[in-house]
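A structural walkthrough
Residues per chain, in single letters:
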Amino acid sequence: MSKNFVMLTFDLEEFDIAEEYGQKVSHTDQMNVTKIGTERLMALLNKYNLRATFFTTGNYARLNPELIKTISLKHEIASHALYHSSFHQFKETDILESKSILENITGEKVTGFRMPRLRPFNYKVLAGWGFVYDSSINPTYIPGRYNLLHKSPLPYLENGLLELPCSTTPVLRFPLFWLAFKNLPISLYTALCRRTLRKRKNLMLYFHPWEFAEIGAFKMPRYVKSPDGKILADKLDKLIQNLKKLDAEFVTCQEFCKSLENADQTPGFN
Ligand SMILES: [Zn+2]
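Presented here is a report on the structure given in the accompanying data block.

Helices and strands together make up the secondary structure of the protein chain, namely 11 helices and 11 strands. A compact globule built from 270 residues would reach a C-alpha radius of gyration of about 18 Å, and the protein chain, at 17 Å, matches this within 12%. In terms of overall dimensions, the protein chain has a C-alpha envelope of 50 × 40 × 35 Å along the principal axes. Put simply, the protein chain has 270 residues, and 58% of those count as buried. Within the protein chain, contacts between residues separated by at least 24 positions form 71% of all contacts whose residues are at least 6 apart in sequence. Within the structure as shown, the protein chain displays about 12100 Å² of accessible surface, and the carbon and sulfur contribution to it stands at 54%. Positive and negative charge centroids in the protein chain, built from 35 and 28 side chains respectively, lie 7 Å apart.

Take the environment of Thr9 next. The topology assignment puts Thr9 in strand E1 (residues 5-12). Residue classification places Thr9 among the buried residues on the basis of a relative accessible area of 0%. The spatial distance from the C-alpha of Thr9 to the C-alpha of Lys124 is 23 Å, given a sequence separation of 115 residues. Non-local contacts of Thr9, meaning those with residues more than four positions away in its chain, are made with Thr53, Phe55, Arg114, Met204, Leu205, Tyr206, Phe207 and Cys253.

Let us now look at the pattern of salt bridges. Evaluated as defined, the whole model comprises 15 salt bridges. With a shortest N-O distance of 2.9 Å, Arg145 and Glu20 are connected by a salt bridge. Placement of the pair is Arg145 in the loop between strand E6 (141-142) and strand E7 (146-147) and Glu20 in helix H1 (residues 17-20), with a sequence separation of 125 residues. Put simply, Arg51 and Glu255 hold a salt bridge, and the shortest N to O gap is 2.6 Å. Residue Arg51 is found in the loop between helix H2 (27-47) and strand E2 (53-56), and its partner Glu255 is found in helix H11 (residues 253-263); the two are separated by 204 residues along the sequence.

Conventions and cut-offs
Residues numbered from 1 in each chain as written. Predicted model: local features only at pLDDT ≥ 70, side-chain atom pairs only at ≥ 80, totals over all residues. Heavy atoms only, no water. Helix = DSSP H or I, 4+ residues; strand = E, 2+ residues; numbered from the N terminus. Rg over C-alpha atoms; globule rule 2.2 N^0.38 Å. Buried < 20%, exposed > 50% of the residue type's maximum accessible area, 1.4 Å probe, protein only. Contact = heavy atoms within 4.5 Å. Areas by Shrake-Rupley, 256 points an atom, 1.4 Å probe, with all protein chains shown as cover. Lys, Arg positive; Asp, Glu negative; His and termini not counted. Charge placed at Lys NZ, Arg CZ, Asp CG, Glu CD. Salt bridge = Lys/Arg side-chain N within 4 Å of Asp/Glu carboxyl O.

And the structure:
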């Protein structure tokens, strides 16, 4: 019988989301918010001795090398491009530069990538640059952002790269991303996770460390910033407890890729 896997993933980046809503946030504040949230999150993951995957930007890592090194001792570090803010013009080679920054800091091979804001980009370059997997596809419809209902909700091999889509529920493709976790009651979110895991055999969930800092004072819509801080960390604690009751193993994305390769059952593998 094939195993079920849960991947907890975190996009560790500059706290720049308030700028999308027109509020300027100083560089120091961006870093501090992320730092507070990251520390709270690490304490929670340690409590359950869980390993997770952190997608981080080259810029964030360059400014916080010790934090990235510390995280890498226990967790997987993957690339989230070079800069997060849309004010920085994205270049394809940013991906390669971020990989090299992260590898220099951690001393480990970086094999995973997730594009900031899951924006479209040229996936074909990744395999040639030593990436094994990408996780930039949320195969659902988010009004005003993207419509990826034509994409597979299951992992697949394309252009020499494993695509690990963010989890969506069976049939309706309701996205189990950070906003769903934040806004749905924990019992409902858990039930959707359970159903998805049963059907798809894996859960790819993603959140941001800055969500676990106190961000209520920033000018953002309520559904983006609330609940936050300790209350949201307690909600994640509850989710972890609920997921641990399911017949599933918590793994990093790299470990999940290895399990797929060993099972040799991913569409496109043969
Ligand atoms: Zn991000």
